[in-house]
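Here's the letter readout for the chains.
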Amino acid sequence: MPTDNSPSPLDNPVWAALTGTHRRFAQFAGADPSDPAGAPGTGGLAARYLPDANPFSALADPDDPRSWTALAELSGPGEVVWLTGLPTPPPDWETVASIPGVQLDGRAVAAESAPEAVRLGPADVPEMLELVRLTEPGPFLPRTVELGTYLGIRHEGRLVAMAGERLRPPGWAEISAVCTHPEHRGRGLAGRLVRAVAAVVRERGDSPFLHAAAANTGAVRLYRSMGFVLRREPVFIGVRTPGGPGPVDPATKA
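Only a predicted model underlies this, so the values are computations on that prediction, with no experimental measurement involved. (Residues numbered from 1 in each chain as written. Predicted model: local features only at pLDDT ≥ 70, side-chain atom pairs only at ≥ 80, totals over all residues. Heavy atoms only, no water.)

Asks: I'd like a description of the confidence of the model for the protein chain, backed by residues and values.
Replies: Looking at the protein chain, pLDDT values average 91 and 89% of them are 70 or higher. Predicted confidence is poor over residues 36–41, with pLDDT under 50, and the contacts of this stretch with residues over four places away or in other chains come to four contacts. Every residue in residues 247–254 is under pLDDT 50, and counting partners more than four places away or in other chains gives one contact. (pLDDT = per-residue confidence, 0-100. Contact = heavy atoms within 4.5 Å.)

Structure below.
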């Protein structure tokens with residue numbers, strides 16, 4: 001597996017997805033650094049997914065203070081923004097959560113279709129949200145299903161396992177929302193779905209990758225046993241934009 005240090009869309013995957021395949025789900029702020037006229041909304045310095053599709057935002061350049069200013073303008077004062085990578089927020093941004101993670105390259109994974117898997121769509125969202133609520137695989141919102149292909153396995157008509165695509169940087173697709181109902185674990189459903197989604201990704205000419213919380217050692221062990229290789233160790237951080245309401249003075253409370 002190549003381990004060179006050349007730039008990759010996976011270095012800033014949310015930004016790469018929002019300025020590429022997922023542009024229709026994007027909101028931008030700041031002047032487009034590639035547009036000499038600075039036309040707004042064509043690329044910008046900061047971006048976020050539509051709030052009902054994906055909670056993540058991104059910066060064109062995390063080392064550029066203008067990107068942070070644009071993100072604050074896009075998000076509004078006192079709002080919590082989720083980022084991934086290794087960004088260092090400005091001093092007036094409050095870090096409210098920091099989750100160590102892993103980014104795994106799936107180019108060596110043996111992709112294989114799963115005949116029992118069915119394609120999931122908007123009509124399945126209530127069941128998908130319920131399975132996510134029960135299993136907590138990570139963020140999944142009402143329009144997340146529109147970001148890519150989602151596959152599920154049903155038992156007696158009930159959705160018991162699923163996996164799909166979330167981020168779509170150029171040439172790549174992130175396998176996400178991998179979850180199995182507790183009553184159906186231990187049957188290899190998650191592994192079959194991951195391989196099946198990887199097969200969809202490969203058929204399109206892209207390569208699979210995924211993110212996981214470093215503390216989710218069981219899932220990371222499963223993925224690595226399938227051939228996923230550690231690429232980098234990003235952090236998922238929730239930061240609060242500056243300018244929100246200050247502490248409430250107890251003397252003013254009713």
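Asks: Could you give me a rundown of the sheet that holds strand β3 (residues 57–59), with the residues and numbers involved?
Replies: One open sheet accounts for three strands, arranged β1-β2-β3; its pairing is antiparallel. Each edge of the sheet is formed by a strand with only one pairing partner; in this case those strands are β1 (26–29) and β3. Taking the axes of each pair of neighbouring strands and ignoring which way they run, one obtains an average angle of 20 degrees across the sheet. Sheet strands in contact with helix α2 (residues 65–75) are β1, β2 (46–49) and β3, and its direction is about 40 degrees off that of β2. (Pairing = 2+ DSSP bridges. Helix = DSSP H or I, 4+ residues; strand = E, 2+ residues; numbered from the N terminus. Axes fitted to C-alpha atoms, helices over the stretch in contact; angles between N-to-C directions.)

Asks: Describe the packing of aromatic side chains, and please don't skip the residues or the numbers.
Replies: Evaluated as defined, the whole model comprises six aromatic pairs. Plain terms: the ring middles of W15 and F28 are 6.3 Å apart, the flat faces sit at 85 degrees to each other, and that makes the pair edge-to-face. Linking W15 in helix α1 (residues 13–18) with F28 in strand β1, this pair joins segments that are 13 residues apart in sequence. The same class applies to W15 and to F28, which are both buried. Between W68 and W93 the ring centres are 5.0 Å apart and the planes differ by 75 degrees, which places this aromatic pair in the edge-to-face class. On the criterion of sequence distance, the pair formed by W68 in helix α2 and W93 in the loop between β4 (80–85) and β5 (94–105) is long-range, its members being 25 residues apart. Among the residues examined, W68 registers a relative accessible area of 3% and is labelled buried. (Phe/Tyr/Trp six-rings, centres within 6.5 Å; stacked < 30°, edge-to-face > 60°. Buried < 20%, exposed > 50% of the residue type's maximum accessible area, 1.4 Å probe, protein only.)

Asks: Can you break down α2 residue by residue, with the values?
Replies: For α2, every residue scored as buried is listed here: S67, W68, A70, L71, L74 and S75. Taken around the axis of α2, the buried residues stretch over an arc of 160 degrees, which confines them to a single face. When the buried face of α2 is taken as reference, the exposed residues oriented beyond 90 degrees from it are P65, R66 and E73. Among the structural elements, β1, β2, β3 and β4 are those in contact with the buried residues of α2. Trailing α2 by a residue or two, G76 shows a phi angle of about 95 degrees, which is positive. (Arc of directions from axis to C-beta.)

Asks: Explain the layout of surface pockets to me, using residue names and the numbers behind them.
Replies: Computed from the structure, the largest pocket encloses a volume of approximately 900 Å³. With seven residues, strand β9 (residues 172–180) is the single largest residue contributor to the lining of the largest pocket. Residues of the lining of the largest pocket, tallied by class, amount to 20 nonpolar, eleven polar and five charged. (1 Å grid on protein atoms, 1.4 Å probe; cavity = no way out; pocket = protein on both sides within 12 Å on 5 of 7 lines; lining within 4 Å. Points joined across faces, edges and corners; volume = space filled by probe spheres on them. Nonpolar A, V, L, I, M, F, W, Y, C, P; charged D, E, K, R; others polar.)

Asks: So what's going on with the nonpolar core? Which residues, and what values?
Replies: Core analysis: the largest hydrophobic core is formed by 28 residues, its most contacted members being I153, I175, V178, L193, V194, Y223 and F228. Elements supplying a minimum of two residues to this core: β5, β7 (150–155), β8 (158–165), β9, α4 (189–203), β10 (207–213) and α5 (217–225). Considering every element that reaches this core, the biggest residue donor is α4, with eight residues. When sequence neighbours within four positions are dropped, the list of residues in contact with V194 reads I175, V178, Y223, M226 and F228. Within the second largest apolar cluster, 19 residues are counted, among which are L10, F25, A47 and A58. (Core = buried A, V, L, I, M, F, W, Y, C linked by side-chain atoms within 4.5 Å.)

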